[in-house]
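One-letter residues, chain by chain:
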Amino acid sequence: MNQLLYFLLIGIGIGAVYSLGALGVVTLFTGSGIVNFAQGDLMVLGALCAATVLNAGHGYLWGMVVGVLVTGVVGAVLGGMFAIPLTRARYDIDVVVIGTLGVSITITSLNALVFGDRPERIASPLAGRFLSIGQFKVPMHYPLLLAVAVLVFLTVRWLYRHTDLGILLRATAASTQTAKDSGVRMAVMLAASWVVAGVVAAVAGVMVGSIVVISPHSSLTLGVNGFAAAIVGGLASPFGAIIGGLTIGVAESLSSGYLSDTARQAIAPTVLLVVLMLRPQGLLGSRSSVRTV
Amino acid sequence: MTAAGDIITPDAGASSKTMARRTWRWLQPAMLIAAGGFVLYGMRPDNFALRVMTLIAVYAVASVGMNVLVGFTGAVSIMNAAFLGIGGYSWARLADGPGAIAALGAGIGISLCIALAVGVLVLRLERFYFAVGTLALGTLATLTMRKWNGVTGGDAGMIGVRAIGVPSASRIESVFIVAVLALALFSYIQESMRHSALGKSMLVCRHDQAAGAGLGISVRASRLAAFAFSAVTGSIAGALVVQLAGSAFPEQFDVGTSISLIVIPIVGGRGWRWAPIAGAIVVIGGPEYFRFLAEYRLVAYGVLVTGLALFAPGGLREIAHLLVTGFRRIRPGRVR
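Counting restarts for each chain, with residues numbered from 1 along the sequence as it is written. Each chain is given a letter, starting from A, and each ligand a number, starting from 1, according to the order in which they appear as written. Residue-level local features of this predicted model are given only where pLDDT is at least 70; pairs of side-chain atoms are given and counted only at 80 or more, and the full residue set underlies all totals for whole chains, interfaces and linings. In computing side-chain values, all of the structure's heavy atoms are included and hydrogens and water are not.

### As for the environment of P125 of chain A
Residue and element names in this part refer to chain A.
Turning to step 1, where the next piece is worked out: In this structure, P125 sits in the loop between α4 (93–115) and β1 (130–133).
Turning to step 2, where the next piece is worked out: Expressed as a C-alpha distance, the spacing of P125 and L61, which sit 64 residues apart in the sequence, is 8.9 Å.
Turning to step 3, where the next piece is worked out: Contacts are assigned to residue pairs with any non-hydrogen atoms lying within 4.5 Å of each other. In this view, P125 contacts Y60 and L144; residues no more than four positions away in its chain are not counted. Elements are defined by DSSP. Helices are runs of H or I of four residues or more, strands are runs of E of two residues or more, and each kind is numbered from the N terminus.

Here is the structure:
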């Protein structure tokens, strides 16, 4: 019983990180219709920046701040670039999506060049503290992960509900054409979506850096897990992303505890596929949100 | 008249003269590729150059299928390295015992079955959902190759893979000859398919699904056909990849390879008949000749992909067109 509780807590902690990854995917998808294949790389970028700052002897918060700033700026630059084709009369969204694959390749190789291929670990501010469940000890970092994820989720929610920018973003998400006709500036909206995605990714990356080692090539796994969480939630629902992330985190934790590491690696893509086949609109989405042919 | 010509129904009444002209047009890429390969071979290139040219031809074979898939139907698949893997491992396991035909046939057969199953389950999804689903499948395929030790040899891979033997030719030369011939064959199929009822229904569905459905075209069926075709070209290319390398490893068929495969037709100019070979020269040949740049060539590759996707979605074809017309007729957002 204690063992199950232990695996559940670990899974919820990891799942919180996947939720944050998914939240970045979801904000960008609703804001611009772009599926971002570079989300995992933004997470790694944030984590490696923070690790460098920490290794230089500065505090955890400084690491977080630098990570967030760097990915925020990268997000703004990318947003500006990706806004250009979308302001044309006709554009091909499939090709734009392949552009994010190019971004992913670029950031992965730049990360390797700048930070080196050495895997990094970020010391948690709560290192050495544990939550005891019987004979099992859960590092305090896992509850912290959940707390941070909730905080970020509430912040993004506040941004979307109670600021002018957020309302414009939601208008864009509801109908790009109507928003455009009402005078919403698409380029600004796109840049803002990318910045939000970048900042969320950095927080997720820094947080996950304390429980798994991060190298430039971790981005694929982080990206697929983020996608899986986002798809479980329906790709367009922030709340669904949280549920999806927690589901996958718990499933991974349980399968690595009771089955094998291979099973753990297969969980995220399998969950993604099963949800896509059975409920492409996600567990929470409405049927109208996905068209099939 | 060819067998492919017989399938063409839209204008069954076309005169034999028209048909002959079309067949001639469809044969052009195949003949040029075969002739080009012959000339390059006759120039007795050194081993490195021949290796690079073989790699380009092999990946161009797989890219013909990708070109049909993404260029004709508009479906973005990030799992086609899995078909290369199926073809490659089938060859590596079966070429020695049951023989070349059985090895190639097994690869194609398994790839087709998997492509049809995946197609029925996932291809009905729109755009991104399909792209993300295939990314997940590609990840699962890599995991399978790495962990299914009994069949694939796991991370240690399989070495000492036999290559097809062309009389009085070395290993690389044999693979080069076979790859060029395969590329010529598939280029012919690509061209004749474009003008067939099937190819036209694919193109209609890419540009306007509603119009396609209104014409009584099954969007799903035409996409499924394109996906199955990409699986066939992929598994043949996979068999050639392991023959060239003499070994089969999971790294040859990972998600990075899938990304290269989808990028090749985009770089070339998707749907263009020269896109597979033009794209493969840049994406596969480029990095081989810029080895001295080490990691920087990956940065350049990523920047190239992003830049082309955002600013020249027509790829090399669009750039060539712009150069020819002297930038006079720039029409932003023109999608071809």
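Having put the structure on the table, let's press on.
### Looking at the interface of chain B and chain A
Turning to step 1, where the next piece is worked out: Counting from both sides, the interface comprises 50 residues of chain B and, opposite them, 50 residues of chain A.
Turning to step 2, where the next piece is worked out: Note on terms: buried area is the combined drop in 1.4 Å-probe accessible area of two parts once they are placed together, counting the loss on both. Per-residue buried area on chain B facing chain A is highest for F128, Y129 and L310 of chain B; these three make up 17% of the total on that side.
Turning to step 3, where the next piece is worked out: In the analysis that follows, any N or O atom pair within 3.5 Å is treated as a polar contact, provided that within protein one partner can donate a hydrogen and the other can accept it, and provided that, for residues neighboring in sequence, both atoms belong to side chains. At the junction of chain B with chain A, the criterion picks out five residue pairs in polar contact (both at pLDDT 80 or more).
Turning to step 4, where the next piece is worked out: Broken down by secondary-structure element, the contributors of at least two residues to the side of chain B that touches chain A are α5 (100–122), α6 (127–147), α11 (219–245), α12 (255–268) and α14 (296–311) of chain B.
Turning to step 5, where the next piece is worked out: Any residue outside Ala, Val, Leu, Ile, Met, Phe, Trp, Tyr, Cys, Pro, Asp, Glu, Lys and Arg is labelled polar, Gly included; the first ten of those are nonpolar and the last four are charged. Its residues placed into classes, the side of chain B that touches chain A shows 33 nonpolar, seven polar and ten charged.

### Topic: the pattern of salt bridges
Turning to step 1, where the next piece is worked out: Each salt bridge in this description consists of a side-chain nitrogen of Lys or Arg and a carboxyl oxygen of Asp or Glu lying within 4 Å of one another. Scanning the model with the defined rule gives seven salt bridges over all chains in all.
Turning to step 2, where the next piece is worked out: Where D96 of chain B meets R162 of chain B, a salt bridge forms, and the shortest distance between an N and an O atom there is 3.7 Å. Separated by 66 residues along the polypeptide, D96 of chain B in the loop between α4 (81–94) and α5 and R162 of chain B in the loop between β1 (158–159) and α8 (171–194) bring together distant segments of the chain.
Turning to step 3, where the next piece is worked out: R194 of chain B is paired through a salt bridge with E191 of chain B; the nearest N and O atoms lie 3.3 Å apart. Linking R194 of chain B with E191 of chain B, this pair stays in helix α8, spanning three residues, or about one helical turn. Each member of the pair R194 of chain B and E191 of chain B is classed as buried.
Turning to step 4, where the next piece is worked out: Among the charged side chains, a network of salt bridges with common partners joins E252, D261 and R264 of chain A. Any residue under 20% of the maximum accessible area for its type is buried, any over 50% is exposed, and the rest in between are partly exposed; the area is computed with a 1.4 Å probe on protein chains only.

### Comments concerning the pairing of strand β2 (residues 136–139) of chain A
Turning to step 1, where the next piece is worked out: With burial as the criterion, only one face of β2 of chain A is covered, namely that bearing F136 and V138 of chain A; the residues K137 and P139 of chain A on the opposite face remain uncovered.
Turning to step 2, where the next piece is worked out: Strands pair, by our definition, only if DSSP identifies at least two bridges between them. The hairpin formed by β1 of chain A and β2 of chain A contains two residues between the paired strands, and G134 of chain A there has a positive phi angle of roughly 60°.

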